[in-house]
Amino acid sequence: MKFSMAVFKDQNSSRLFVGQFISQICDKMMTLGLVWVISQEQSIQMIPWFLAIGALPHLLLASSGGKLVQKIGVLRTLIHTDVLRGIIFLLVGLLWLAYFEHHSLTTLFILTFVSNLLGALFNIAVFTLPGLMPKKELVPQLTAMVDSCFSLGTVVGPAISALLYPWLGLSGLLVLNGLSYLLAAGLEGGIRLDPADPETVESEPANADMAPAIPGRSMFADPLIRFMLSAFFLMNLALTPLMALLPLFVQTRFAGNLAMLAAFEVSIGMGMVAGSLLLSVAEFPLKRGKRAIVGLSAVSLLYLFFGLNHNPVLACLALAGLGLALAVVNVSLLTLFQSRPAPADVPVVMSWVNTISIGALPISMLMVGSLIEKIDLTKMTICLALGLLTISLATAFYREFREI
């Protein structure tokens, strides 16, 4: 294993990292703040509807989001969506007490829909951008760096929200979030792309394992892309219930409290952060496909260990390890989706990756909800873990994936 800090020393990469670090923390901070306000001032029964409204734009843009990003341009999409979100949140925050507080529920529903509409395009662009950077050798490390921002936001954002909300109130959080988006857009404005990037001219694929587009055929004619998108969807279906069932594990398996639930969530979050940051500075001897197979196998076994375990300390360690291994899988697959298609097709593939990540949640919750009263929690966990292990074995038998 070789270590290198080159990705952090590169000006383009560091601008993207700092901007996304600030933006993702404030984004997750805002999400928790809005959920808290609705639960306290409206009704807790509105929370599922609020979350569903937030997920809807990602599903609506499943087939068209990538094409829209192609038309606008990847970097321009990144900057424009952050600027627009910044202006919207800033205006709503400044005018909250005067105009919007009396229509708070309607305002928050509209705000989350518009924000996620722009966020869906942003997600497609931010994971397409690494392949357009001048230093192509840093693409895997930069992808890991961006992924770490999302993980860091999930861990740090809610904690900051809990600290600042009593002081700033909702209007203050809205203003702070708007300023963070504008700051991120300013940093992104200093990013310089490869002069021959696919946003402006047709070019040959930058990486050796990129497959050129087949005239008249969809990128999904590539069996490896079809197979790995299907595997990614099934992985999300199996993994999503883990976070949803954590409160139930804490109550029934460990007889714990809210502090234990927080410890479990922080453990898996910090594991993902550690894994992403490690991949941003380390080069592994294993090929990308084999690395993903090993990571997914580790996720499956740690998932199983957590489901059978009764010791809270060991459970935290299992979740931290699971988070680290999951980061390895995510970064490996994202890098595949960046490098395998023709450059112009990458945003479209990333659109489906984003949709799968969001869309797997309601499907998985429906599955769990229909089974939770019919099957023991331990048995359900075992089934999900074995399902993940089956996916891992299927990918291991796919020779082309092993060799990339």
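Criteria and thresholds
The numbering scheme is per chain: residues are counted from 1 as the chain's sequence reads. Since the coordinates come from a predicted model, pLDDT governs what is reported: local features require at least 70, and pairs of side-chain atoms require 80 or more to be given and counted, while whole-chain, interface and lining totals use all residues. Where side-chain values are given, they derive from all heavy atoms of the structure, hydrogens and water being excluded. Numbering of helices and strands runs from the N terminus; a helix is a DSSP stretch of H or I covering at least four residues, while a strand is a stretch of E covering at least two. Under the scheme applied here, a residue whose accessible area is under 20% of the maximum for its type counts as buried, over 50% as exposed, and between as partly exposed, the area being computed with a 1.4 Å probe on protein chains only. Residue burial considers only the protein chains on display, and all accessible areas are found by Shrake-Rupley using a 1.4 Å probe. Patch membership is restricted to residues that have no salt bridge and whose relative accessible area is over 30%. Joining uses 9 Å for like charges and 5 Å for the nonpolar side chains Val, Leu, Ile, Met, Phe, Trp and Tyr. By definition here, a salt bridge exists when the distance from a side-chain nitrogen of Lys or Arg to a carboxyl oxygen of Asp or Glu is within 4 Å. An expected span of 1.5 Å times one less than the residue number is assigned to each helix. Contacts are assigned to residue pairs that have any heavy atoms within 4.5 Å of one another. Every residue gets a pLDDT, meaning the predictor's confidence in that residue, from 0 to 100. Buried and open spaces are told apart on a 1 Å grid over the protein atoms alone, a cavity being a set of points where a 1.4 Å probe fits but cannot get out and a pocket being an open set with protein on both sides within 12 Å along at least five of seven lines. Residues with an atom within 4 Å of a point are the lining residues. Grid points are joined across faces, edges and corners, and a volume is the space filled by probe spheres set on the points. Under the convention adopted here, Pro, Cys and the residues Ala, Val, Leu, Ile, Met, Phe, Trp and Tyr are nonpolar, Asp, Glu, Lys and Arg are charged, and Gly plus all remaining residues are polar. A pair of Phe, Tyr and Trp rings is counted when the ring centres sit within 6.5 Å of each other, with Trp represented by its six-membered ring. The angle between the planes then sorts it: under 30 degrees is stacked, over 60 is edge-to-face, the rest tilted. Here a polar contact means two N or O atoms within 3.5 Å. Within protein one must be a hydrogen donor candidate and the other an acceptor candidate, and residues neighboring in sequence count only if both atoms are side-chain atoms. Axes, fitted as lines to C-alpha atoms, cover a helix only where it is in contact. Angles between the N-to-C directions of the axes lie from 0 to 180 degrees. Should an angle fall under 35 degrees it is taken as roughly parallel, and over 145 as roughly antiparallel, whereas 65 to 115 is taken as roughly perpendicular and any remaining angle as oblique. If you view the pair so one helix is near and one far, a crossing is left-handed when the near helix is turned anticlockwise from the far one by less than a right angle, and right-handed when it is turned clockwise. Nonpolar cores are built from buried Ala, Val, Leu, Ile, Met, Phe, Trp, Tyr and Cys residues. Side-chain atoms within 4.5 Å join them into one set.

### A short note on the overall build of the protein chain
Part 1: Scanning the protein chain from N- to C-terminus turns up 15 helices and 2 strands.
Part 2: Taking all 404 residues of the protein chain together, 51% fall into the buried category.
Part 3: On the protein chain, roughly 18100 Å² of surface is accessible, and the fraction owed to carbon and sulfur atoms is 69%.

### Overview of a nonpolar patch on the surface
Part 1: Nonpolar side chains collect at one region of the surface, where I87, L91, L94, L95 and Y99 lie side by side and expose about 510 Å² of accessible area between them.
Part 2: A total of 3 residues in the nonpolar patch trace back to one element, the largest contributor, which is helix α5 (residues 74–94).
Part 3: The residue L95 is located in the loop between α5 and α6 (96–100) in this model.
Part 4: The exposure class of L95 is partly exposed, given its relative accessible area of 34%.

### Some words on helix α11 (residues 288–308)
Part 1: Given a rise of 1.5 Å per residue, 21 residues ought to cover 30 Å, and the 30 Å separating the end C-alpha atoms of α11 matches this to within 8%.
Part 2: Within the sequence span of α11, burial applies to R288, G289, R291, A292, I293, G295, L296, V299, S300, Y303, F306 and G307.

### Section: the side chain of T143
Part 1: Secondary-structure assignment places T143 in helix α8 (residues 139–188).
Part 2: Relative accessible area serves as the criterion here: at 0%, T143 is assigned to the buried category.
Part 3: Ignoring any residue separated from it by four or fewer positions in sequence, one finds T143 in contact with F127, P130, V331, L334, T335 and Q338.

### Thoughts on the confidence of the model for the protein chain
Part 1: Per-residue confidence for the protein chain averages 82 on the pLDDT scale, and 86% of its residues sit at or above 70.
Part 2: Across residues 200–217 the pLDDT falls below 50, and counting only partners more than four positions away or on other chains, this stretch makes 25 contacts in the model.

### A short note on empty space enclosed by the protein
Part 1: Counted by the stated rule, this structure contains 2 cavities of 30 Å³ or more.
Part 2: Here the largest cavity defines a volume of roughly 50 Å³.
Part 3: Along its surface, the largest cavity is lined by M228, A231, M235, A292, I293, L296, V329, L333, I391, T395 and F401.
Part 4: At the level of elements, α9 (223–253), α11, α12 (312–339) and α14 (377–396) are the ones that each hand at least two residues to the lining of the largest cavity.
Part 5: Partitioning the lining of the largest cavity into residue classes produces 10 nonpolar, 1 polar and no charged.
Part 6: Volume-wise, the second largest cavity comes out at about 40 Å³.

### With respect to the layout of surface pockets
Part 1: Approximately 240 Å³ is the volume found for the second largest pocket.
Part 2: Lining the second largest pocket, in full, are P140, Q141, L279, A282, E283, F284, L286, R288, R291, V331, S332 and T335.
Part 3: Among the secondary structure elements, those contributing two or more residues to the lining of the second largest pocket are α8, β2 (282–283), α11 and α12.
Part 4: By residue number, the principal contributor to the lining of the second largest pocket is α12, which donates 3 residues.
Part 5: The residue makeup of the lining of the second largest pocket, split by class, is 6 nonpolar, 3 polar and 3 charged.

### Here we look at the environment of E283
Part 1: Assignment of secondary structure puts E283 in strand β2.
Part 2: Along the sequence, E283 and Q141 sit 142 residues apart, while their C-alpha atoms lie 8.5 Å from each other.

### Quick look at the packing of aromatic side chains
Part 1: Under the criterion given, the structure shown has 9 aromatic pairs.
Part 2: Ring geometry for F227 against Y398: centres 4.6 Å apart, planes inclined by 40 degrees, an arrangement best described as tilted. In this pair, F227 is assigned in helix α9 and Y398 in the loop between α14 and α15 (399–402), connecting sequence segments 171 residues apart.
Part 3: According to the relative accessible area criterion, F227 is partly exposed, its value standing at 24%.
Part 4: Measuring from centroid to centroid gives 6.3 Å for F232 and F337, while their planes differ by 75 degrees, and the two rings are edge-to-face. Placement of the pair is F232 in helix α9 and F337 in helix α12, with a sequence separation of 105 residues. For the pair F232 and F337, one class covers both residues: buried.

### Section: α12
Part 1: The terminal C-alpha atoms of α12, which comprises 28 residues, lie 40 Å apart, in line with the 40 Å expected from a rise of 1.5 Å per residue.
Part 2: For α12, the buried fraction is high: 21 of the 28 residues fall into the buried class.
Part 3: The N-cap of α12, judged by a side-chain oxygen 2.9 Å from the amide nitrogen of V313 a few residues on, is N311.

### Looking at the packing of α11 against α12
Part 1: It is the contact of α11 with α12, at a shortest axis distance of 8 Å, that shows an interaxial angle of 155 degrees. By the angle between their axes, α11 is roughly antiparallel relative to α12. Regarding α11 and α12, the two cross each other, and that crossing is left-handed.
Part 2: Across the contact of α11 with α12, the residue classes tally to 18 nonpolar, 5 polar and 2 charged.

### Here's the deal with the environment of L91
Part 1: With respect to the helices and strands, the residue L91 is situated in helix α5.
Part 2: Residue classification places L91 among the partly exposed residues on the basis of a relative accessible area of 47%.

### Concerning the nonpolar core
Part 1: Core analysis: the biggest nonpolar cluster contains 79 residues, and L16, L129, F264, F306, F337, L388 and F401 have the highest contact counts within it.
Part 2: For this core, the element with the most residues is α9, which contributes 14 residues.
Part 3: With near-sequence residues (within four places) excluded, F306 lies in contact with L242, L246, F249, R253, F254, F264, A315, A318 and L319.
Part 4: Core analysis: the next-biggest nonpolar cluster, separate from the first, contains 17 residues, L34, F109, L173 and Y181 among them.

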